[in-house]
Amino acid sequence: MINIGVIGYGYWGPNLVRNFAETPGTNMAAVADLDPRKLEIVKRRFPAAYTTTDFEDLLKDPAIDAVAIATPVHTHFALGMAALRAGKHLWLEKPLTETSEQARRLIDEAQRRNLVLLVDHTFIYTGAVRKMKELISTGELGRVLYYDSTRVNLGLFQRDVSVISDLAVHDFSILDYLLGEHPVAVSANGTNHFPGTPENLAYVTLFYDSGTIAHTSVSWLAPVKVRLIHLGGNKKMITYDDLEPSEKIKVYDKGISFTTDPQQIQEMRVGYRTGDMWAPKLDATEALRVEGEHFVDCIQHNKVPDTDGHLGLRVVELIEATSSSMRRKIRRNGETIQIQRQEKAA
Ligand SMILES: NC(=O)c1ccc[n+]([C@@H]2O[C@H](COP(=O)([O-])OP(=O)(O)OC[C@H]3O[C@@H](n4cnc5c(N)ncnc54)[C@H](O)[C@@H]3O)[C@@H](O)[C@H]2O)c1
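Because the structure is a prediction, the values reported are computed rather than measured.

## Regarding the overall build of the protein chain
What the protein chain contains, in helices and strands, is nine helices and 15 strands. Compactness check: the protein chain gives a C-alpha radius of gyration of 22 Å against a globular reference of 20 Å for 346 residues, within 12% of the reference. The principal-axis extents of the C-alpha atoms in the protein chain amount to approximately 80 × 45 × 40 Å. Per-residue burial over the protein chain gives 53% buried out of 346 residues. Relative to all contacts within the protein chain whose residues are 6 or more apart in sequence, the contacts with residues 24 or more apart total 67%. In the form shown here, the protein chain has an accessible surface area of approximately 16,400 Å², with 53% of it arising from carbon and sulfur atoms. Averaging the coordinates of the 40 positive side-chain charges in the protein chain and doing the same for the 44 negative ones gives two points 2 Å apart.

Structure follows, in structure tokens:
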């Protein structure tokens with residue numbers, strides 16, 4: 001049994017607490033939040049867990065094996081480092097940290113202490129994203145030509161992070177998992193319509209050495225909620241609508257081919273192939289449940305999480321490169337930034 005303490009019981013924390021309370025192999029032992037009113041709710045819902053306004057109580061408790069942190073991003077590094085130094089396995093919310101240097105330091109600390117560091121990039125544990133990965137890995141999709149995502153809704157406006165860290169981060173992690181390739185360059189345009197607040201709308205394009213191009217539109221200022229990805233391969237194409245209750249993924253046997261007949265080459269003959277469309281059956285298990293069980297398995301069997309610190313670091317590096325491109329002076333806004341990677345802390 002892995003005893004878990006959760007720090008942060010705001011919007012996302014309750015989902016973690018509920019899942020850890022239900023996951024086989026975990027005991028939801030304690031919850032810390034600065035706000036005693038939130039802890040009152042925990043006491044009513046999970047009477048077996050103790051509560052505290054001081055997260056240090058969880059770190060000092062030798063019975064707690066692992067800590068899950070769901071606090072605002074600017075607190076991730078300090079709280080995460082304190083948890084690792086107290087010898088706790090760590091589940092940290094996305095994005096891992098504010099800066100890539102902080103992410104590298106957390107990775108080093110976890111490695112030095114042989115502790116599991118899992119970054120909660122929840123989408124990686126959904127049946128839909130796993131099915132997309134399978135369709136790429138088996139070669140069914142063919143070579144991935146493009147990824148195009150729309151991730152918009154009204155709010156939630158955040159004070160400490162931009163729409164990139166809030167929404168584009170999901171596309172960055174999904175792309176990392178699906179393609180297994182890091183982009184070499186990024187170009188981003190974005191704006192904050194309300195002075196003094198972080199960017200609330202952005203258009204981000206990522207370029208890959210293989211020729212794949214990826215784009216995401218993210219916004220907190222849309223009248224309706226949209227979560228739609230188009231993924232095009234040279235054999236088949238996929239749409240993934242996360243708001244569909246069932247049939248989230250649709251696979252289209254569609255594509256084009258150019259003739260290789262030397263007689264016709266001058267005429268640029270394009271053949272359009274339109275075959276069947278089908279909706280594969282997806283694993284409907286809640287992603288956080290899959291992820292919680294995976295966390296326990298990693299702790300018990302010394303395994304590396306699918307969303308480990310290195311994936312978290314690559315995502316933070318992309319947030320930095322994207323923000324840098326987006327924040328160039330107005331005339332150069334959207335300038336393409338070459339991406340340089342660094343794994344080790346300075
Ligand atoms: N994985 C996902 O899909 C997903 C979705 C939403 C949010 N998140 C992430 O979860 C994290 C929290 O986001 P949120 O929307 O729940 O924020 P929130 O502001 O609603 O909640 C944060 C909570 O942390 C508490 N807190 C802050 N500092 C603390 C401290 N030192 N000790 C104890 N408690 C403290 C606050 O009192 C608050 O209750 C963020 O990193 C966010 O990016 C992830």
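## Remarks on the site of the ligand
Neighbouring the ligand are 20 residues, the closest being Trp 12, Asp 33, Lys 38, Lys 94 and Thr 122. At 2.8 Å from an oxygen atom of the ligand is found a main-chain nitrogen or oxygen belonging to Trp 12. The contact in question runs from an oxygen atom of the ligand to an N or O atom on the side chain of Lys 38, over 2.8 Å. Here the ligand loses 81% of its free accessible area of 860 Å² to cover by the protein chains.

## With respect to the nonpolar core
Core analysis: the largest hydrophobic core is formed by 71 residues, its most contacted members being Phe 20, Phe 172, Leu 178, Leu 206, Leu 231 and Phe 295. Of the residues forming this core, the biggest block, 11 residues, is contributed by helix H7 (residues 163–179). Setting aside chain neighbours within four positions, we find Leu 206 in contact with Phe 172, Leu 175, Pro 183, Ala 185, Val 186, Thr 212, Ile 213, Ala 214 and Leu 318. The next biggest cluster of nonpolar side chains, apart from the first, holds 26 residues, and it includes Ala 83, Leu 84, Leu 106 and Leu 115.

## As for the sheet that holds strand S14 (residues 270–278)
Taken in spatial order, the nine strands make up an open sheet running S14-S13-S12-S11-S7-S10-S9-S8-S15, and their pairing is mixed. Because the sheet does not close on itself, it has two edges, and the strands there are S14 and strand S15 (337–338). Here seven bridges tie strand S13 (residues 249–258) to S14, and the two strands are oriented antiparallel to one another. Directly across from Val 251, in S14, lies its bridge partner Trp 278. Against the sheet, helix H6 (residues 127–137) touches strand S7 (144–154), strand S11 (221–233), strand S12 (237–241) and S13, its axis set at about 175° to S12. Seen against the sheet, helix H9 (residues 309–326) touches strand S8 (185–191), strand S9 (201–207) and S15 and runs at an angle of roughly 60° to S8.

## A word on the packing of aromatic side chains
Where two aromatic rings form a pair, the distance of their centres and the angle of their planes describe that pair. In total, this model carries six aromatic pairs according to the counting rule given. Judged by centre distance (5.5 Å) and plane angle (80°), the rings of Trp 91 and Phe 295 are edge-to-face. Linking Trp 91 in strand S5 (residues 89–93) with Phe 295 in helix H8 (residues 287–301), this pair joins segments that are 204 residues apart in sequence. On the accessibility criterion, Trp 91 (1% relative accessible area) is buried. Judged by relative accessible area, which is 0%, Phe 295 ranks as buried. One aromatic cluster is present, formed by Phe 20, Trp 91 and Phe 295 through successive ring pairs. The positively charged end of Lys 133 is found above the aromatic ring belonging to Tyr 177, 5.2 Å away from the centroid. Positioned above the aromatic ring of Phe 123 is the side chain of Arg 151, whose terminal nitrogen or guanidinium carbon lies 5.0 Å from the ring centre.

## Structural notes on the pairing of S9
Across the seven residues that make up S9, a large majority, five, are buried. Direction of pairing for S9 relative to strand S10 (residues 213–219): antiparallel, over a ladder of seven bridges. Bridged to Leu 201 within S10 is Ser 219. Hairpin connection from S9 to S10: five residues lie between these consecutive antiparallel strands, with Gly 211 at a positive phi of about 105°.

What counts, and at which threshold
- Residues numbered from 1 in each chain as written.
- Predicted model: local features only at pLDDT ≥ 70, side-chain atom pairs only at ≥ 80, totals over all residues.
- Heavy atoms only, no water.
- Helix = DSSP H or I, 4+ residues; strand = E, 2+ residues; numbered from the N terminus.
- Rg over C-alpha atoms; globule rule 2.2 N^0.38 Å.
- Buried < 20%, exposed > 50% of the residue type's maximum accessible area, 1.4 Å probe, protein only.
- Contact = heavy atoms within 4.5 Å.
- Areas by Shrake-Rupley, 256 points an atom, 1.4 Å probe, with all protein chains shown as cover.
- Lys, Arg positive; Asp, Glu negative; His and termini not counted.
- Charge placed at Lys NZ, Arg CZ, Asp CG, Glu CD.
- Near = heavy atom within 4 Å.
- Polar contact = N/O pair within 3.5 Å; in protein donor to acceptor, adjacent residues only side chain to side chain.
- Core = buried A, V, L, I, M, F, W, Y, C linked by side-chain atoms within 4.5 Å.
- Pairing = 2+ DSSP bridges.
- Axes fitted to C-alpha atoms, helices over the stretch in contact; angles between N-to-C directions.
- Phe/Tyr/Trp six-rings, centres within 6.5 Å; stacked < 30°, edge-to-face > 60°.
- Lys NZ or Arg CZ within 6 Å of the ring centre and 35° of its normal.

Note that every value here comes from positions in space, so none of it alone points to a role or purpose.
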